[in-house]
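Geometric and topological summary
The lines below spell out each chain.
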Amino acid sequence: MKQLIAMLTLLMILLPFSAHAQEITGYTTLTPDSVEIYYETQGEGMPIMIIAGGPGGNPNFYRYTHSDWLEYGRLVYVHNRGRGRSENLDHLKDAYSVEKDVLDIEAVRQSLGAERIIVYGHSYGGTPALMYALKYPRHCHAVITSCTHSGRDSFQKYNIDGMKYFLQRQFPEQWAVFDSLHSAGLATSDSLFEKVWPDISEMYYYDPDNASIMDSIWKLSSDSLSVGFNYMVYLAIVGPDPEWSVEGTLRDVELVPQLNKVECPALIVSGRYDRVCPPIVQKEIADALPNGKLVMFEKSGHRPFIEQKNRFFEISGEFLDSVINKTGGE
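Residues numbered from 1 in each chain as written. Predicted model: local features only at pLDDT ≥ 70, side-chain atom pairs only at ≥ 80, totals over all residues. Heavy atoms only, no water.

1. Quick notes on the confidence of the model for the chain
Taken over all residues, the pLDDT of the chain has a mean of 93, while the share at 70 or more is 92%. Between residues 4-8, whose pLDDT stays under 50, and residues either more than four places distant or in other chains, the model counts three contacts. (pLDDT = per-residue confidence, 0-100. Contact = heavy atoms within 4.5 Å.)

Next up, the structure:
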């Protein structure tokens with residue numbers, strides 16, 4: 001029965017994509033530091049930039065999960081450096097960072113010729129979205145984040161340390177192996193740790209069975225020309241021992257103390273049962289923003305657009321309609 005419900009939910013997610021099916025066109029542009037960035041656009045109106053999570057993921061699956069937003073503007077799927085079809089820089093030291101992801105967003109804005117944009121980031125993607133609002137206030141019309149982190153401290157405390165505590169408490173057998181491997185000097189990026197990880201869907205979903213919906217969408221959105229997930233980006237930003245401590249380029253990022261400078265409207269989405277980007281982080285972000293609004297999804301984990309799809313697009317649609325129609329769009 002649960003599998004049937006999951007299949008029906010997947011169909012409900014994909015139906016709007018068929019109804020809103022519009023041509024997707026790909027482009028490339030160069031950043032100020034000469035990195036080639038690929039991006040795709042769909043629809044018309046004010047650009048709504050979509051920034052993927054990870055860090056290391058590409059935005060292909062958002063075509064299937066966020067097509068309802070075509071009613072409000074032009075969806076722009078940004079393939080940040082090293083991700084999707086953009087230039088791969090794995091051979092360079094410090095090639096990837098939140099700041100450089102912000103450069104990618106700005107390069108795409110300029111390529112579009114848009115004076116103002118709306119930036120949406122899910123999970124890690126919300127961090128560069130918020131930083132973009134800080135660095136380019138004149139060009140950021142509004143920002144939406146969904147279940148994100150505000151920098152090094154929240155990523156360490158709630159994502160990494162939270163995951164370790166979950167393993168210790170719920171999977172003591174696996175944790176004993178995990179801990180012994182790390183104590184022996186192996187970094188958690190070592191492939192041996194993959195054999196230790198149990199099913200951690202509980203950390204991401206209100207109903208763990210909903211993980212199958214997301215798995216189906218990922219398979220549907222796979223692209224032989226794109227990097228599906230670039231683990232080197234993850235290691236560069238989080239660090240070489242990513243399930244233990246933040247030692248990558250994210251280590252110097254703390255946004256909350258600066259968010260009082262963001263003047264544009266901001267919608268902060270949180271899933272009540274998100275254990276990796278929990279409500280306490282979303283509340284801190286919303287409270288720090290002068291025009292931030294926190295919306296809690298009571299029966300969702302890390303992906304409210306999957307678990308409470310109708311409410312997610314009702315709330316976000318109202319927000320987009322209000323901020324776009326306030327100025328008449330582009």
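2. Some thoughts on the packing of helix α5 (residues 152-170) against helix α6 (residues 172-183)
Look at α5 against α6: their axes get within 6 Å of each other, and the N-to-C directions meet at 125°. For the element pair α5 / α6, the angle class is oblique. α6 is crossed by α5, and the crossing has left-handed handedness. Two secondary-structure elements touch here, α5 through Lys164, Leu167, Gln168, Arg169 and Gln170 and α6 through Pro172, Trp175 and Phe178. Class assignment of the residues belonging to the contact of α5 with α6 gives a composition of four nonpolar, two polar and two charged. (Axes fitted to C-alpha atoms, helices over the stretch in contact; angles between N-to-C directions. Helix = DSSP H or I, 4+ residues; strand = E, 2+ residues; numbered from the N terminus. Parallel < 35°, antiparallel > 145°, perpendicular 65-115°, else oblique. Left-handed = near helix turned anticlockwise from the far one by under 90°. Nonpolar A, V, L, I, M, F, W, Y, C, P; charged D, E, K, R; others polar.)

3. Observations regarding the sheet that holds strand β1 (residues 24-30)
With mixed pairing, the eight strands of this open sheet are ordered in space as β1-β2-β4-β3-β5-β6-β7-β8. In this open sheet, the two edge strands, each paired with only one partner strand, are β1 and β8 (292-297). Neighbour to neighbour, the strand axes of the sheet diverge by 20° on average, direction disregarded. In this fold helix α11 (residues 309-325) packs onto β3 (47-51), β5 (117-122), β6 (140-146), β7 (266-271) and β8, with an angle of close to 170° to the strand it touches most, β6. (Pairing = 2+ DSSP bridges.)

4. A word on α5
Each α-helix winds once per 3.6 residues, and so residues spaced three or four apart point in a common direction. Here α5 contains 19 residues, and its C-alpha end-to-end distance of 26 Å stays within 8% of the 27 Å for a straight helix at 1.5 Å per residue. For α5, the principal kink sits at Gly162 and spans about 35°. All buried positions along α5 are accounted for by Ser154, Phe155, Gln156, Tyr158, Asn159, Ile160, Gly162, Met163, Lys164, Phe166 and Leu167. (Expected span 1.5 Å × (residues − 1). Bend = angle between axes of the 7 residues up to and from the residue. Buried < 20%, exposed > 50% of the residue type's maximum accessible area, 1.4 Å probe, protein only.)

5. Quick notes on the environment of Leu70
Relative to the assigned elements, Leu70 resides in the loop between α2 (62-65) and β4 (74-79). For Leu70, a relative accessible area of 8% puts it in the buried group. In this structure, the C-alpha to C-alpha distance between Leu70 and Ala107, residues 37 residues apart in sequence, is 22 Å.

6. Some thoughts on the side chain of Ser245
Along the chain, Ser245 falls in the loop between α8 (231-238) and β7. In this structure Ser245 comes out as buried when scored by relative accessible area, which is 17%. Apart from the residues within four sequence positions on either side, Ser245 is in contact with Gln156, Ile160 and Val238.

7. Re the state of the cysteines
Considering all chains together, one arrives at zero disulfides under this definition. Cys140 takes part in no disulfide bond, and the closest cysteine sulfur to it belongs to Cys264, at a distance of 4.0 Å. Owing to a relative accessible area of 1%, Cys140 belongs among the buried residues under this scheme. Counting only cysteine sulfurs, Cys147 is the nearest neighbor of Cys277, a cysteine outside any disulfide, at a range of 6.7 Å. On the basis of relative accessibility, which here comes to 2%, the residue Cys277 falls in the buried class. (Disulfide = S-S within 2.5 Å.)

8. Structural notes on the pairing of β8
Within a regular strand, the side chains alternate between the two sheet faces. Pairing geometry for β7 and β8, over six bridges, is parallel. Paired with Ala266 across the two strands is Gly292, which belongs to β8. On the question of chirality, the crossover connecting β7 to the parallel β8 by way of helix α9 (residues 279-288) is right-handed. (Right-handed = clockwise from strand over helix to strand, strands pointing away.)

9. With respect to the nonpolar core
Formed by 48 residues in total, the largest nonpolar core has its most connected members in Met49, Val108, Val119, Leu259 and Leu289. Broken down by element, the residue count for this core peaks at six residues, all from helix α4 (residues 126-135). With 33 residues, the next largest nonpolar core counts Ile50, Tyr62, Ile118 and Val295 among its residues. (Core = buried A, V, L, I, M, F, W, Y, C linked by side-chain atoms within 4.5 Å.)

10. Overview of the layout of surface pockets
By volume, the largest pocket is sized at about 1,400 Å³. Contributing to the lining of the largest pocket are 43 residues, with Gly54, Tyr204, Trp218, Phe229 and Arg303 lying nearest its centre. Contributions of two or more residues to the lining of the largest pocket are made by α5, α7 (211-220) and α8. Residues of the lining of the largest pocket, tallied by class, amount to 19 nonpolar, 17 polar and seven charged. (1 Å grid on protein atoms, 1.4 Å probe; cavity = no way out; pocket = protein on both sides within 12 Å on 5 of 7 lines; lining within 4 Å. Points joined across faces, edges and corners; volume = space filled by probe spheres on them.)

11. Brief notes about unusual backbone geometry
A cis geometry characterises the amide bond from Gly54 onward to Pro55, with omega recorded as -5°. With respect to the element layout, Pro55 can be found in the loop between β3 and α2. The phi dihedral of Ser34 falls on the positive side, at around 65°, and the residue is not glycine. With a phi angle near 55°, Asp94 is a residue other than glycine that sits in the positive phi range. Tracing the chain through its elements places Asp94 in the loop between β4 and α3 (98-112).

12. As for the packing of aromatic side chains
This model, assessed by the stated rule, comprises 21 aromatic pairs. Ring centres 6.1 Å apart and planes at 45° place the aromatic pair Phe297 and Phe312 in the tilted group. Linking Phe297 in strand β8 with Phe312 in helix α11, this pair joins segments that are 15 residues apart in sequence. Of the two residues, Phe297 and Phe312, neither departs from the other in class, the shared state being buried. Each member of the aromatic cluster is reached from another via a ring pair, and the members are Phe61, Tyr62, Trp69, Tyr120, Trp218, Phe297, Phe305, Phe312 and Phe313. (Phe/Tyr/Trp six-rings, centres within 6.5 Å; stacked < 30°, edge-to-face > 60°.)

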